[in-house]
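# Notes for the structure review
Residues per chain, in single letters:
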Amino acid sequence: MALPKLGVPEFYTEIPSTGNKVKFRPFTVKQQKALLFALQSQDLDLMIDCVHDIVDVCCYDVSSNKLAAFDIEYLFIKIRAKSVGEVIDFYLRHGANNPCQHRQQYALNIDDVKVNMTQVEDPVIKLEADLGVTMKYPSFREITKFSAISKDNPTQIIEFVASVIENVFNSEDVFGEFTLDEMVEWVSNLPTTYFEQLIDWLTKVPKLEHTIEYVCDECQQSETVELKTLSDFFISA
């Protein structure tokens, strides 16, 4: 005799970049096991694939490959909240300049974490009177890998910038068909001031982030902690 099917609770949230409503469900024990394995493995590609898989499986009518990085991160923490609880327990430490070794316990409610979409930059950047580019939000894979590279590696930084250019345009045409290698070569030949405009746009891309302010129970020192990447939110996932 087949075992009875379990009812699956369903919830709604919004995709930050579009405001579109999306229905989702919690992840299963099997999916949580895969997530824990990925986190413990420290394999970046495995962790990225696992997050994509969970968003694809748990969200209805959503393709994670078409979402911006902050969309995926936001949907993932919403799924996590409904799967294992809205509160994440952290142990926070002082910075290197403080001799106090106390680990401060802190409970973060995921519902307090938002993506700030109030100051979204125009993706169209005019470099010259007759030349410009249209940028696109980095994917979760792109932004996660970029955060892992050294900021002293110009080759990888140029490749990352090239990967988030949607098209190049002038008064006569829009150039939207090119290989990554072709765009890397084009970006490599930009004047430094033009390249800095592209970097500036990327620094202002919406992010999943949250600021924690607390006072240490041991030394009474005030501290501020910035959570800026998905792994920051799931130290204790």
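The paragraphs below set out a description of the structure included in this document. (Residues numbered from 1 in each chain as written. Predicted model: local features only at pLDDT ≥ 70, side-chain atom pairs only at ≥ 80, totals over all residues. Heavy atoms only, no water.)

## What to know about the sheet that holds strand β9 (residues 174–175)
Taken together, the 4 strands give an open sheet; going across it, the order is β6-β7-β8-β9, and neighbouring strands pair in antiparallel fashion. A single partner strand is all that each edge strand has here, and the edge strands are β6 (124–128) and β9. When strand β7 (residues 131–135) meets strand β8 (residues 165–169), the two strands line up antiparallel, connected through 4 bridges. Residue valine 133 lies in a different strand from β8, and its bridge partner there is valine 168. Across the sheet, helix α7 (residues 192–203) touches β6, β7 and β8, and the angle it forms with β6 is around 165 degrees. (Pairing = 2+ DSSP bridges. Helix = DSSP H or I, 4+ residues; strand = E, 2+ residues; numbered from the N terminus. Contact = heavy atoms within 4.5 Å. Axes fitted to C-alpha atoms, helices over the stretch in contact; angles between N-to-C directions.)

## Describing the packing of aromatic side chains
Per the counting criterion, the structure on display carries 3 aromatic pairs. An angle of 35 degrees between the planes, with centres 5.8 Å apart, marks the rings of phenylalanine 11 and phenylalanine 24 as tilted. Placement of the pair is phenylalanine 11 in strand β1 (residues 11–14) and phenylalanine 24 in strand β2 (residues 21–24), with a sequence separation of 13 residues. A relative accessible area of 25% means that phenylalanine 11 is categorised as partly exposed. Phenylalanine 24 gets classed as buried once you look at its relative accessible area, which sits at 2%. Between the aromatic rings of phenylalanine 70 and tyrosine 137, the centroid separation amounts to 5.0 Å while the plane-to-plane angle is 80 degrees, which identifies the pairing as edge-to-face. (Phe/Tyr/Trp six-rings, centres within 6.5 Å; stacked < 30°, edge-to-face > 60°. Buried < 20%, exposed > 50% of the residue type's maximum accessible area, 1.4 Å probe, protein only.)

## Brief notes about the sheet that holds strand β5 (residues 114–115)
Spatially, the 3 strands line up as an open sheet ordered β5-β10-β11, and their pairing is antiparallel. Both outer strands of the open sheet, β5 and β11 (222–227), are each paired with one neighbouring strand and no more. By the bridge criterion, 2 bridges tie β5 to strand β10 (residues 208–215) in an arrangement that is antiparallel. For valine 115, the partnering residue across the bridge sits in β10 and is leucine 208. Strand contacts of helix α3 (residues 69–84): β5 and β10, with the helix running at about 55 degrees to β10, the strand carrying the most contacts.

## What to know about the layout of surface pockets
What the largest pocket holds in volume is close to 890 Å³. Mapped by element, the contributors of at least two residues to the lining of the largest pocket are α1 (29–41), α2 (44–58), α3, α4 (140–148), α5 (154–163), α7, β10 and α8 (230–233). In terms of residue count, α4 provides more of the lining of the largest pocket than any other element does, 5 residues in total. Along the lines of polarity and charge, the residues of the lining of the largest pocket split into 25 nonpolar, 6 polar and 5 charged. Considered as a void within the structure, the second largest pocket measures approximately 200 Å³ in volume. Looking at the second largest pocket, it is lined by 10 residues, and the ones nearest its centre are Glu142, Lys145, Phe146, Glu159 and Phe160. For the lining of the second largest pocket, the secondary-structure elements that each account for two or more residues are α4 and α5. Considered class by class, the residues forming the lining of the second largest pocket number 4 nonpolar, 2 polar and 4 charged. (1 Å grid on protein atoms, 1.4 Å probe; cavity = no way out; pocket = protein on both sides within 12 Å on 5 of 7 lines; lining within 4 Å. Points joined across faces, edges and corners; volume = space filled by probe spheres on them. Nonpolar A, V, L, I, M, F, W, Y, C, P; charged D, E, K, R; others polar.)

## Remarks on the pattern of salt bridges
Under the definition given, this model contains 6 salt bridges. Aspartate 49 is the partner of arginine 141 in a salt bridge, and the nearest nitrogen-oxygen pair spans 2.5 Å. Taken together, the positions of arginine 141 in helix α4 and aspartate 49 in helix α2 put the pair 92 residues apart, joining distant regions of the chain. Note on aspartate 49: relative accessible area 34%, which makes it partly exposed. Among the ionic pairs, glutamate 86 bridges to lysine 82, the shortest N-O distance being 3.3 Å. (Salt bridge = Lys/Arg side-chain N within 4 Å of Asp/Glu carboxyl O.)

## Here's the deal with the packing of α2 against α3
Remark: α2 packs on α3, axes separated minimally by 10 Å, with the N-to-C direction vectors making an angle of 70 degrees. Here α3 runs roughly perpendicular to α2, going by the angle between their axes. For α2 against α3, the interelement crossing comes out left-handed. Of the residues in α3, those in contact with Val51, His52, Ile54, Val55 and Cys58 of α2 are Ile72, Leu75, Phe76 and Ile79. (Parallel < 35°, antiparallel > 145°, perpendicular 65-115°, else oblique. Left-handed = near helix turned anticlockwise from the far one by under 90°.)

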